[in-house]
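Listed below, chain by chain, are the residues.
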Amino acid sequence: MTIDRRTALAGIGLGAGLLAAPAAGARRGTSVPLDPQSAAGRLRTFIMMRGALDEGLITSWVSARYYGVVEDRMDPLFAVVSAVFSRYRPVADGFEAVNFELAWFTDPVTGKAMETFRNPYTNQDCKVPAGGLPPSKFRFGKDLSFHLGRDVPGLQMEHDVLPAEARGDDVWITERVRTAMTFPGAARPFRYSESNTFHARKSDLERRGATRVTSEVSYTNVCSWRPWLGMGDHPGHLTATGIGRQNATMDSLPPAWLEATAAKRPEVLKDPVAILAPVWDART
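Keep in mind that this is a model prediction, so the values were computed, not measured.

Peer 1: Please provide a residue-by-residue account of the overall build of the protein chain, values included.
Peer 2: Regarding its fold elements, the protein chain presents six helices and 13 strands. For the protein chain, the proportion of its 284 residues judged to be buried stands at 44%. Working note: accessible area of the protein chain is about 14,500 Å², and carbon and sulfur atoms make up 54% of it.

Okay, here's the thing in structure tokens:
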């Protein structure tokens, strides 16, 4: 199915426009020196690069390729396009956020969202679900510690934010997460690890009045075989590498994501703010 891309973008803008935040650096004046060493300066830098100091809607995306890894062989499998909509707000002990992710696994040749995938390891056709996470709440502490909004039974998580690297007008920050989820009856946990390196301009971060900056993202993950692949006890795992953008403009969203979302989840295009609202409005 093809779509009028301009119409799709206009649909997203309808919801986002209600909460559009001022562009990073829209108000000019005395600069705010970058301070990635102190706890307060590190928190400000990270939140501006990953989210926002204001409460407006944030749009982010990732486009990546998945590979199967068995022993020392890495086989190309499929691609994925993902968009995340989120909002941040300051709280007494850091920043609270809500986010919603919608991802589509795509054919690496056609770029179309897949409904079935021929697994080269099993030679079986697999039904391909949508990916992502429902609206949820989390918090970054003043020390950049990560806290889920609620306990998830069976989940183990390790999270850290590496020290910022700044050279010239370039600033990089890497966030890492490692999880293991144990399901009843499963022989072993599902493991998922992810690394995101955010890159932004020091001059944008220092601009007085800026509440957010656009960050380019280098994305890597390593995870167990996804259950829908039907791999059973087959040795190996998945890995993905790709690119992304935090605080992205609407017209930079991957076309494959726009097309699949318009066809399968048009309410996301219509008003992403409304999807976040129930969790955002719940103050507990």
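There is more to say after this.
Peer 1: Requested: an account of the nonpolar core, with residues and values cited.
Peer 2: In terms of nonpolar packing, the biggest core is built from 24 residues, with F46, I47, M49, Y88 and L205 touching the most fellow members. Looking at this core, the elements that each hand over two or more residues are α2 (39–50), β3 (94–106), β6 (131–141), β10 (170–181) and β11 (190–201). For this core, the leading source of residues is α2, giving five residues. Grouped together as the second largest cluster of nonpolar side chains are 23 residues, F78, V80, Y192 and L229 included.

Peer 1: Can you explain the packing of aromatic side chains? Please cite residues and give values.
Peer 2: The full count for this structure, using the stated rule, is 15 aromatic pairs. Pairing F117 with W228 gives two aromatic rings, centres 6.4 Å apart and planes at 85°, and the pair type is edge-to-face. Taken as a pair, F117 in strand β4 (residues 116–119) and W228 in the loop between β12 (215–223) and β13 (237–246) lie far apart in primary sequence, 111 residues in all. Given a relative accessible area of 9%, F117 falls into the buried group. Judged by its relative accessible area of 15%, W228 is buried. Pairwise contacts between aromatic rings join F46, Y88, F138, F140, F146 and F198 into one cluster.

Peer 1: Pulling in residues and values, what's your account of the environment of R50?
Peer 2: With respect to the helices and strands, R50 occurs in helix α2. In the structure, R50 is positioned 166 residues away from E216 in sequence and 10.0 Å away in space, judged by C-alpha atoms. Leaving out residues up to four positions away in the same chain, R50 has contacts with Y88, F138, F140, E175, F198 and Q246. Here the side chain of R50 touches Y88 through a polar contact of 2.7 Å, side chain to side chain.

Peer 1: Go over unusual backbone geometry with me, naming the residues and quoting the values.
Peer 2: Most peptide bonds are trans, and most residues other than glycine sit at a negative phi. Positioned with a positive phi, E71 is a non-glycine residue whose angle comes to about 55°. Inspection of the secondary structure assignment puts E71 in the loop between β1 (58–70) and β2 (73–91). Residue L144 is not a glycine yet carries a positive backbone phi of 70°. Relative to the helices and strands, L144 is located in the loop between β6 and β7 (146–148).

Peer 1: Give me the environment of T179: which residues, what numbers.
Peer 2: Of note, T179 is situated in strand β10. Among the residues examined, T179 registers a relative accessible area of 17% and is labelled buried. Spatially, the C-alpha atoms of T179 and R191 are 5.7 Å apart, while their sequence positions differ by 12 residues.

Peer 1: Report on the side chain of T239, specifying residues and quantitative values.
Peer 2: Looking at where T239 falls in the secondary structure, it is placed in strand β13. At 2.6 Å, the side chain of T239 forms a polar contact with the backbone oxygen of N221. Once residues lying within four places of it in the same chain are set aside, the contact partners of T239 are R65, Y66, Y67, V69, M74, N221 and V222.

Peer 1: Could you give an account of the pairing of β6, naming the residues involved and the relevant values?
Peer 2: Where a strand is regular, its side chains alternate between the two sheet faces. Bridge analysis of β3 against β6 gives nine bridges, and the strand direction is antiparallel. Note that in β6 the partner of V98 across the bridge is K137. In textbook terms, the turn of a hairpin is the stretch between consecutive antiparallel strands, and for β6 and β7 this stretch comprises four residues, one of which, L144, has a positive phi near 70°.

Peer 1: Account for the pattern of salt bridges, naming residues and giving values.
Peer 2: Counted under the stated rule, the structure contains 17 salt bridges. For D160, the salt bridge is made with R178, and the minimal N-O distance between the two is 3.7 Å. Here D160 is found in strand β8 (residues 155–161), whereas its partner R178 is found in strand β10, with 18 residues between them in sequence. Among the ionic pairs, E267 bridges to R265, the shortest N-O distance being 2.4 Å. One salt-bridge network, held together by shared partners, links E158, D160, R176 and R178.

Peer 1: Help me get a handle on the environment of A97, residues and values and all.
Peer 2: Here A97 shows up in strand β3. Exposure remark for A97: the relative accessible area of 1% places this residue in the buried category. Taking the C-alpha atoms as reference points, A97 and F140, 43 residues apart in sequence, are found 8.2 Å from one another. Filtering out sequence-adjacent residues up to four positions away, A97 remains in contact with R87, Y88, S136, K137 and F138.

What counts as what
Residues numbered from 1 in each chain as written. Predicted model: local features only at pLDDT ≥ 70, side-chain atom pairs only at ≥ 80, totals over all residues. Heavy atoms only, no water. Helix = DSSP H or I, 4+ residues; strand = E, 2+ residues; numbered from the N terminus. Buried < 20%, exposed > 50% of the residue type's maximum accessible area, 1.4 Å probe, protein only. Areas by Shrake-Rupley, 256 points an atom, 1.4 Å probe, with all protein chains shown as cover. Core = buried A, V, L, I, M, F, W, Y, C linked by side-chain atoms within 4.5 Å. Phe/Tyr/Trp six-rings, centres within 6.5 Å; stacked < 30°, edge-to-face > 60°. Contact = heavy atoms within 4.5 Å. Polar contact = N/O pair within 3.5 Å; in protein donor to acceptor, adjacent residues only side chain to side chain. Pairing = 2+ DSSP bridges. Salt bridge = Lys/Arg side-chain N within 4 Å of Asp/Glu carboxyl O.

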